[in-house]
Amino acid sequence: GNKNPEEIFEKAIENVKPTMEVRPKRIGGSVYQIPIEVKYRRQLMLAFRWIIGAARSKKGSEMASRLAQELMDAANEQGSAIKKKEDTHKMAAANKAFAHYARF
């Protein structure tokens, strides 16, 4: 692309970072998926993990070009890593009813 690579990288990471996730919690013999906010360091770790995992899952070319393509897709809010983030947010929204169990 014609843009600054640092800006593309930062935008890709910013677009992939999740704000909510679900964690399993056992309460009274049942396991509930409880939505919680994600701390900043875990947001970064998940974003890096999802981008690298998405690049590894593609086949055909060398890793450097697959990673570059996944970063470009993430910067444009497309690709597998963005889908993973959206799925995580949908799961947290679907389990919002169990949010009151987070304090236990």
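Conventions we followed
- One numbering rule holds for all chains: residues counted from 1, following each sequence as written.
- Confidence filtering applies because this is a predicted model: local features only for residues at pLDDT of at least 70, side-chain atom pairs given and counted only at 80 or more, and all residues used for totals across whole chains, interfaces and linings.
- Hydrogens and waters are ignored; side-chain quantities use all the structure's heavy atoms.
- Note on pairing: two strands pair once DSSP finds at least 2 bridges between them.
- Numbering of helices and strands starts at the N terminus; helices are DSSP runs of H or I of at least 4 residues and strands are runs of E of at least 2.
- Buried Ala, Val, Leu, Ile, Met, Phe, Trp, Tyr and Cys residues form a nonpolar core when they are joined through side-chain atoms within 4.5 Å.
- Remark: exposure states derive from per-residue accessible area (1.4 Å probe, protein chains only) relative to the maximum for the residue type, with buried under 20%, exposed over 50%, and partly exposed in between.
- For this analysis, residues touch if any pair of their heavy atoms sits within 4.5 Å.
- Exposure above 30% relative accessible area and no salt bridge define the residues that can form patches, which grow by joining like charges within 9 Å and nonpolar side chains of Val, Leu, Ile, Met, Phe, Trp and Tyr within 5 Å.
- The Shrake-Rupley method, run with a 1.4 Å probe, gives the accessible areas here. Residue values count only the displayed protein chains as cover.
- The working definition used for a salt bridge is a side-chain nitrogen of Lys or Arg within 4 Å of a carboxyl oxygen of Asp or Glu.
- Under the rule applied, a polar contact is a pair of N or O atoms within 3.5 Å (in protein, one hydrogen donor and one hydrogen acceptor; residues adjacent in sequence only if both atoms are side-chain atoms).

Q: Could you give me a rundown of the pairing of strand E1 (residues 20-27), with the residues and numbers involved?
A: By the bridge criterion, eight bridges tie E1 to strand E2 (residues 30-37) in an arrangement that is antiparallel. Following the sheet pairing, Arg-26 is matched in E2 by Val-31. In this structure, the hairpin formed by E1 and E2 is closed by a connection of two residues, where Gly-28 is found at a positive phi of approximately 60°.

Q: How would you explain the nonpolar core if you had to name every residue and give the values?
A: A general trend in soluble globular proteins is that nonpolar side chains are found buried together. Ala-12, Val-16, Trp-50, Ile-51 and Ala-81 are the most contacted members of the largest nonpolar core, which has 14 residues in total. Of all the secondary structure elements, the ones that give two or more residues to this core are helix H1 (5-16), helix H2 (40-57), helix H3 (63-75) and helix H4 (80-94). In contact with Val-16, not counting residues within four places along its chain, are Ala-47, Trp-50, Ile-51, Ala-74, Ala-81, Ile-82 and Lys-85.

Q: Tell me about a nonpolar patch on the surface, residues and numbers included.
A: Taken together, Phe-9, Phe-48 and Ile-52 make up a surface patch of nonpolar side chains, about 250 Å² in accessible area. Take Phe-9: its relative accessible area is 39%, and that puts it in the partly exposed class.

Q: So, the environment of His-100: which residues are in play, and what are the values?
A: Checked against the element boundaries, His-100 lands in the segment after H4. Owing to a relative accessible area of 43%, His-100 belongs among the partly exposed residues under this scheme. At 3.1 Å, the side chain of His-100 forms a polar contact with the backbone oxygen of Ala-97.

The analysis is restricted to geometry; functional conclusions fall outside its scope.
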